[in-house]
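Coordinate analysis (summary)
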Amino acid sequence: MKKIIVVFITLLLSSTNAQNIPVSLHGQYSLEVDNTYSLPTLKIECKRLATRIAIKAYLMIMNPEMMEVEEDIISCIYDELLNVEVVEQTIENNVLLTRVIASTYSNLMNPCLP
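Residues numbered from 1 in each chain as written. Predicted model: local features only at pLDDT ≥ 70, side-chain atom pairs only at ≥ 80, totals over all residues. Heavy atoms only, no water.

Some details on the overall build of the protein
Regarding its fold elements, the protein presents 4 helices and 3 strands. Along its sequence from the N terminus, the protein presents helices and strands in the succession α-β-α-α-β-β-α. Residues classed as buried in the protein amount to 25% of the 114 residues present. In the protein, the share of contacts with a sequence separation of at least 24, taken over all contacts with a separation of at least 6, comes to 60%. Surface accessibility of the protein: about 7,900 Å² in total, with carbon and sulfur atoms responsible for 58%. (Helix = DSSP H or I, 4+ residues; strand = E, 2+ residues; numbered from the N terminus. Buried < 20%, exposed > 50% of the residue type's maximum accessible area, 1.4 Å probe, protein only. Contact = heavy atoms within 4.5 Å. Areas by Shrake-Rupley, 256 points an atom, 1.4 Å probe, with all protein chains shown as cover.)

In structure tokens, the structure reads:
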């Protein structure tokens, strides 16, 4: 009977650790609007950078021991994002501000982590 209980508890714990939990990442970035790049190019770049900051912030909050997040980890998770939605994009005083919410699942991020 004890062996059955131990096996059950082990299976329960392993199944909760391997759950496919939705992850929502929030980030923002701002760029100065000048004549160097077109506005559509700036919007794409600002969205990309806001998303990368969202990934880095999430990792640093969830893993406080990660004082520095390597670029290859950020790139790996970036490639595993299911959706990136621009929730706000404004231009004020020649500054483009972009806020994003990105979504993925924890099991897609886990292979990217050390």
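Back to the write-up after that little detour.
A closer look at the state of the cysteines
The final tally for this structure, using the stated rule, is 1 disulfide. Put simply, Cys-76 and Cys-112 are joined by a disulfide, and their sulfur atoms are 2.0 Å apart. Between Cys-76 and Cys-112 the disulfide shows an S-S torsion of about -65°. By sign, it is left-handed. In this pair, Cys-76 sits in helix α3 (residues 71-79) while Cys-112 sits in the segment after α4 (106-109), placing the two residues 36 residues apart along the sequence. Looking at Cys-112, the relative accessible area reads 10%, which means it is buried. (Disulfide = S-S within 2.5 Å.)

Quick word on helix α2 (residues 39-62)
Between its first and last C-alpha, α2 extends 34 Å over 24 residues, near the 34 Å set by a 1.5 Å rise per residue. Of all the residues in α2, the buried ones are Leu-42, Cys-46, Leu-49, Ala-50, Thr-51, Arg-52, Ala-54, Ile-55 and Leu-59. Contacts made by the buried residues of α2 are with β1 (22-32), α3, β2 (83-92), β3 (95-105) and α4. (Expected span 1.5 Å × (residues − 1).)

Regarding the side chain of Thr-51
Of note, Thr-51 is situated in helix α2. Looking at Thr-51, its side chain comes within polar contact range of the main-chain oxygen of Lys-47, at 2.7 Å. With residues near it in sequence (within four places) discarded, Thr-51 still touches Tyr-78, Leu-81, Val-84, Val-100 and Ala-102. (Polar contact = N/O pair within 3.5 Å; in protein donor to acceptor, adjacent residues only side chain to side chain.)

Here's the deal with the environment of Asn-20
By the secondary structure assignment, Asn-20 is in the loop between α1 (2-17) and β1. In this structure, the C-alpha to C-alpha distance between Asn-20 and Tyr-105, residues 85 residues apart in sequence, is 5.9 Å. Side-chain polar atoms of Asn-20 contact the side chain of Asn-107, separated by 3.4 Å.

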